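Take a look at the letters that make up each chain.
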Amino acid sequence: MECRTFEITLISANNLEKLTWLLRMKVYATISICGATEVQRRTPTDRHGGSNPAWNFTARYNLNEQMVQHFNTMLVVKLFSRRRLACDLYVGEVHTSLKELFDVAAAACGSAVLTLPVQIGSANSQGAVRFSYRFGESVSIDKMLLAESLAGWSQC
């Protein structure tokens, strides 16, 4: 089985649509890969940036090579504005295919920095998300060797 690591760093967002007029927005983001069994990751809330939050938050995923090469495996970054007494407000999201990200990174020596527009549904919203990412080398994992090592580990 071929596997590859994927590391993404959410750097910042800029010019997000201001959803609250009286209070400053406190924005956080969730990162997930549709099709991966791993849980989504959440950035810390930026309490000072308002509609221009900065996180510099890094998340790492271990992905099956087939997921990386399939156009339907999507990276989804959802933005929310934190509220104290009510439900958090949905600001928008960025989604792109891992295959497209992999192709861009392969042309740029394995890593890249992108800025993608924030969307609400199928329409572009105001603002953009900036992130960097890189793919690790493809590693072959023998299923039998993996099963043996896990069995030995659980007996200790």
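Residues numbered from 1 in each chain as written. Predicted model: local features only at pLDDT ≥ 70, side-chain atom pairs only at ≥ 80, totals over all residues. Heavy atoms only, no water.

In the annotation of an unreviewed UniProt entry, the entry for the chain reads C2 domain-containing protein, and the organism field reads Salvia splendens.

Caption draft 1: The overall build of the chain, seen in detail. Within the chain, the regular secondary structure consists of three helices and nine strands. Listed N to C, the secondary structure of the chain is β-β-β-β-α-β-β-α-β-β-β-α in terms of helices and strands. A buried classification covers 38% of the 156 residues belonging to the chain. Intrachain contacts of the chain at a sequence separation of at least 6 include 65% that bridge at least 24 residues. (Helix = DSSP H or I, 4+ residues; strand = E, 2+ residues; numbered from the N terminus. Buried < 20%, exposed > 50% of the residue type's maximum accessible area, 1.4 Å probe, protein only. Contact = heavy atoms within 4.5 Å.)

Caption draft 2: Broad picture of the packing of aromatic side chains. Counting across every chain of the model gives seven aromatic pairs. Their ring planes at 65 degrees and their centres at 5.9 Å tell us that phenylalanine 80 and tyrosine 90 sit as a pair that is edge-to-face. Of the two residues, phenylalanine 80 is situated in strand β5 (residues 74-81) and tyrosine 90 in strand β6 (residues 89-97); the sequence distance between them amounts to ten residues. Residue class for tyrosine 90 comes out partly exposed when judged on its relative accessible area of 34%. With a centroid separation of 6.0 Å and an interplanar angle of 85 degrees, the aromatic rings of tyrosine 133 and phenylalanine 135 are classed as edge-to-face. Like tyrosine 133, the residue phenylalanine 135 is buried in the burial classification. Following the ring pairs from residue to residue traces out a cluster consisting of Phe6, Phe102, Phe131, Tyr133 and Phe135. Positioned over the ring face of tyrosine 61 is arginine 41, at 4.4 Å from the centre of the ring. One cation-aromatic arrangement involves arginine 42 over tyrosine 28; the distance from NZ or CZ to the ring centre is 3.8 Å. (Phe/Tyr/Trp six-rings, centres within 6.5 Å; stacked < 30°, edge-to-face > 60°. Lys NZ or Arg CZ within 6 Å of the ring centre and 35° of its normal.)

Caption draft 3: A look at unusual backbone geometry. Positive phi outside glycine occurs at asparagine 56, with the angle close to 50 degrees. With respect to the helices and strands, the residue asparagine 56 is situated in strand β4 (residues 54-64). The phi angle at cysteine 109 is positive, at roughly 65 degrees, despite the residue not being glycine. Looking at where cysteine 109 falls in the secondary structure, it is placed in the loop between α2 (98-107) and β7 (111-120).

Caption draft 4: Local environment of the nonpolar core. Counting residues in each nonpolar core, the largest one holds 31 residues, and the members touching the most others are Phe6, Leu75, Leu79, Tyr133 and Phe135. Contact partners of tyrosine 133, with chain neighbours within four places excluded, come to Phe6, Glu7, Ile8, Leu101, Val104, Ala105, Gly110, Ser111, Ala112 and Leu114. (Core = buried A, V, L, I, M, F, W, Y, C linked by side-chain atoms within 4.5 Å.)

Caption draft 5: Region of the structure containing the pattern of salt bridges. Within the structure shown, the criterion is met by five salt bridges. For the salt bridge of aspartate 88 with arginine 82, the shortest nitrogen-to-oxygen distance reads 3.6 Å. Classification of arginine 82 as partly exposed rests on a relative accessible area of 41%. A salt bridge links lysine 99 to aspartate 103, with the nearest nitrogen and oxygen atoms 3.2 Å apart. Placement of the pair is lysine 99 and aspartate 103 together in helix α2, with a separation of four residues, close to one helical turn. Overall, lysine 99 belongs to the buried group, its relative accessible area being 15%. Exposure remark for aspartate 103: the relative accessible area of 36% places this residue in the partly exposed category. A network of salt bridges, in which partner residues are shared, links Glu7, Arg60 and Arg134. (Salt bridge = Lys/Arg side-chain N within 4 Å of Asp/Glu carboxyl O.)

Caption draft 6: Broad picture of the pairing of β7. Relative to strand β8 (residues 123-135), β7 is paired through nine bridges, and the arrangement is antiparallel. When the bridges of β8 are listed, serine 111 appears paired with arginine 134. Following β7, the chain reverses through two residues before pairing antiparallel with β8; glycine 121 in that reversal takes a positive phi of roughly 65 degrees. (Pairing = 2+ DSSP bridges.)

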